Protein chains: 2
Amino acid sequence: MKGGVNMVQNAEEIQSKPISVIIVEDFKLTRVGLRCALNANDDINVVAEAEDAIEGLKLIEKNKPDVVLMDLGLPGMNGIEAMIKCKEMIPDIKIIALTSHDRSEEVIAALSSGASAYCLKDIDPQKLADVVRDVAIGVCWIDPMVAQMTLNALPKIDNIGFLPNKSSSEGRVPLTEREFEVLKHLVSGKSNTEIAKELIVSVHTAKAHVCSILQKMCVNDRVQAAVKAVKEGMV
Amino acid sequence: MKGGVNMVQNAEEIQSKPISVIIVEDFKLTRVGLRCALNANDDINVVAEAEDAIEGLKLIEKNKPDVVLMDLGLPGMNGIEAMIKCKEMIPDIKIIALTSHDRSEEVIAALSSGASAYCLKDIDPQKLADVVRDVAIGVCWIDPMVAQMTLNALPKIDNIGFLPNKSSSEGRVPLTEREFEVLKHLVSGKSNTEIAKELIVSVHTAKAHVCSILQKMCVNDRVQAAVKAVKEGMV
DNA sequence: TAATCCATTACCCGATTGTCTAATATTATT
DNA sequence: AATAATATTAGACAATCGGGTAATGGATTA
C-alpha cells in the first residue's frame, strides 16, 4: 500500500529506468506495430516478444518485465490461462489485456484473472503508451468500449446505511513495514515458524508481529487476516 | 513527456470544445485547488462548482457538463446518492469519484453507482487532468491504491469451463457440495468448532471435510485454502 | 448385486496458534 | 537529551489444527 504511493511519485518525479515491456501476440504484424509504437517512447523499453503463451511465459520468467502486453486470442494456451500462470510466477507484474473482442465474459475474465488494463486493438498507439505508464504504477485502465460493462459487473452495494465518516480512515491503525512483510508471508500460507525463518528472526518475534497484525486489522485469526488482505488488495 | 497526452489530443482531435467540468466538493480550499489545476489546461473548462450535493445537482442539470468531479465525503446527501441521481438525470455523464478514503466498500459502491473513475485526493494535479480527458471519452480509470481491490471485487469466471486446455484443470479434483459449504465458512475465518456448530455436525466431521478440502485443493493449511478460494473466486 | 463415493463420527498425537507478561535494543521525534 | 514507537526476544498456557486410521449408513452407479 505504501509502496503504491512511492511508486507513483517515483514514476512521475524521477525518470530513472524505463518501463520494461514484454509483448505476447501471435500476429507478427501486430507485434511489430506494438513494438514500434512503444519503443518510440524514451521511457518504455520492449525487452522481448513472443508469439505464443508458452514462449511468452518463459521470456517473462527470464526477463521479469514491469508490464506484459498479452493478446487474449492466442493459439494453444489462451491468454487468460497464461495471465494466471504469469501472476503466479510474478505476483507484482502488471498485465495489459489486448484483444479485438469486446465480449463481456472475456473482459471480466481477463480483469478478474490478473489483468490491470483492457485495451481494444484499435487503440491509438500514443494512448497505449500512456496506458503502459499508468498500468506500471498500478492504475486500472479500461477501454471506453468495455468500461461500462465492466463497471456493471461490479457487485451492487446497498448504500442505505452508508456513512462515509471515520469508520475506517481514522479507526484503522496502519501496519508497520515489518508487519506488512509478515502479512505477505502469512497470506502465502506460511506458518509462524516459516515466517520467522524467512525474516531471520525468532518464532517469538514472528508471533508478536502476527499478533499485532490481527489486532490492527480487527480480526480474530490469521485466516481472516489473509482473506481481508487479499480482498482489499493489501498484498 | 507529460505533454504527450495533450499533444495526442490536440493533434488528433479538432480542438473544438473543451471538456466541461463541474466540481462538487465541500472544502473550499480543495475546490480552488481542483479548479486551478484543471483550468490550467486549455482543453478543460471548469464551468461551475458546488459545495454540497443539492447545489451540485442543480448546477449539473443546468450546465450539463461532460464530466463531474464528485467528492464522496459530502455533508448532507452523500456523494454516492448524488451520483445516482446525477446519472438518472444525464445517463451519459461521466463522473470521477474523488475522496481520501480507500475503504473497499466505498470504492466499489462508487464505481457500481455510476462513477467511471476513482481518484484519491493526493493525486498529481497534472495526472488528474489526464484522467479527466480519459474519462471524457469513456475510459474507466482507477487509482493505484484501490485498483487491486476493485479488480478483486469483479465476479470470478469459472475458468475451468471455458478453458479449452486441460493444463490447469487436469489434476484438479472437484469439491463436493458439502465441502464447498465448509470452504465458505473456512474463508470467513471460522474455526472447525464453529463450522461444526454452523452445519450442525460434530467437530470430527468438520475436520474431516477440511482435511479433504486441503488435499483436493493441493494446499497445506486452511490459510492457503482460504486465499486460493478468494483469489480464484470459488466463494 | 457389487462397487463406489459421500457424509458422518470417533480417537490419538504432535505441531501450531494466539494471548499474556516482560524485557531490551534500535530508531525516530520532539 | 528525553520521549515515543518499533523490533526483537523469551516463557508459558490453553486452544486449535492437521494427519492418521477406522468404522458406519446412505446414495448412486456399473
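These notes cover the structure that comes with them. (Residues numbered from 1 in each chain as written. Chains lettered and ligands numbered in written order. Predicted model: local features only at pLDDT ≥ 70, side-chain atom pairs only at ≥ 80, totals over all residues. Heavy atoms only, no water.)

## A few points about helix α11 (residues 222-231) of chain A
Link 1 in the chain: For α11(A), a buried count of eight out of ten residues is recorded, marking the element as mostly surrounded by other parts of the structure.
Link 2 in the chain: When α11(A) is considered as a whole, its buried residues turn out to be A:Arg222, A:Val223, A:Gln224, A:Ala225, A:Ala226, A:Val227, A:Ala229 and A:Val230.
Link 3 in the chain: The secondary structure elements touched by the buried residues of α11(A) are α8 (177-187), α9 (192-199) and α10 (203-216) of chain A together with α7 (144-153), α9 (177-187) and α12 (222-231) of chain B.
Link 4 in the chain: Between the side-chain oxygen at the start of α11(A) and the backbone nitrogen of A:Val223 there is a gap of 2.9 Å, and the oxygen is on A:Asp221. (Buried < 20%, exposed > 50% of the residue type's maximum accessible area, 1.4 Å probe, protein only. Helix = DSSP H or I, 4+ residues; strand = E, 2+ residues; numbered from the N terminus. Contact = heavy atoms within 4.5 Å. Polar contact = N/O pair within 3.5 Å; in protein donor to acceptor, adjacent residues only side chain to side chain.)

## Details of the protein's contact with DNA strand C
Link 1 in the chain: In the vicinity of DNA strand C there are 17 residues, among which A:Lys207, A:Arg222, B:Arg178, B:Ser202 and B:Thr205 approach most closely.
Link 2 in the chain: Taking all atoms of DNA strand C within 4 Å of the protein, the share assigned to sugar and phosphate is 70%.
Link 3 in the chain: Within the side chain of B:Thr176, one N or O atom sits 2.9 Å away from a phosphate oxygen of DNA strand C.
Link 4 in the chain: Within the side chain of B:Thr205, a nitrogen or oxygen atom sits 2.3 Å from a phosphate oxygen of DNA strand C.
Link 5 in the chain: No other element matches helix α11 (residues 203-216) of chain B, which puts five residues into the surface near DNA strand C.
Link 6 in the chain: Taken together, the residues that form the surface near DNA strand C break down as five nonpolar, seven polar and five charged. (Near = heavy atom within 4 Å. Nonpolar A, V, L, I, M, F, W, Y, C, P; charged D, E, K, R; others polar.)

## Regarding the protein's contact with DNA strand D
Link 1 in the chain: By nearness alone, 17 residues border DNA strand D, and A:Arg178, A:Ser202, A:Thr205, A:His209 and B:Lys207 come closest of all.
Link 2 in the chain: A distance of 3.0 Å separates a phosphate oxygen of DNA strand D from a polar atom in the side chain of B:Arg222.
Link 3 in the chain: At the level of secondary structure, the elements contributing two or more residues to the surface near DNA strand D comprise α10 of chain A together with α11 of chain B.
Link 4 in the chain: Tallying contributions element by element places α10(A) first for the surface near DNA strand D, with five residues.
Link 5 in the chain: Across the surface near DNA strand D, the residue classes break down as five nonpolar, seven polar and five charged.

## Section: empty space enclosed by the protein
Link 1 in the chain: Within this structure, the stated rule accounts for one cavity of 30 Å³ or more.
Link 2 in the chain: Taken as a whole, the largest cavity holds about 50 Å³ of empty space.
Link 3 in the chain: Taken together, A:Cys140, A:Ile142, A:Thr150, A:Leu151, A:Leu154, B:Leu111, B:Cys140, B:Ile142, B:Thr150, B:Leu151 and B:Leu154 make up the full set of residues lining the largest cavity.
Link 4 in the chain: Of all the secondary-structure elements, those providing two or more residues to the lining of the largest cavity are β6 (140-142) and α7 (144-153) of chain A together with β6 (140-142) and α7 of chain B. (1 Å grid on protein atoms, 1.4 Å probe; cavity = no way out; pocket = protein on both sides within 12 Å on 5 of 7 lines; lining within 4 Å. Points joined across faces, edges and corners; volume = space filled by probe spheres on them.)

## Concerning unusual backbone geometry
Link 1 in the chain: The phi dihedral of A:Cys218 is positive, around 60°, even though this residue is not glycine.
Link 2 in the chain: On the secondary structure map, A:Cys218 appears in the loop between α10 and α11.
Link 3 in the chain: A:Cys218 sits in the exposed class, given a relative accessible area of 65%.
Link 4 in the chain: A positive phi angle is found at B:Ile200, which is not glycine, with a value near 55°.
Link 5 in the chain: For B:Ile200, a relative accessible area of 74% gives the class exposed.

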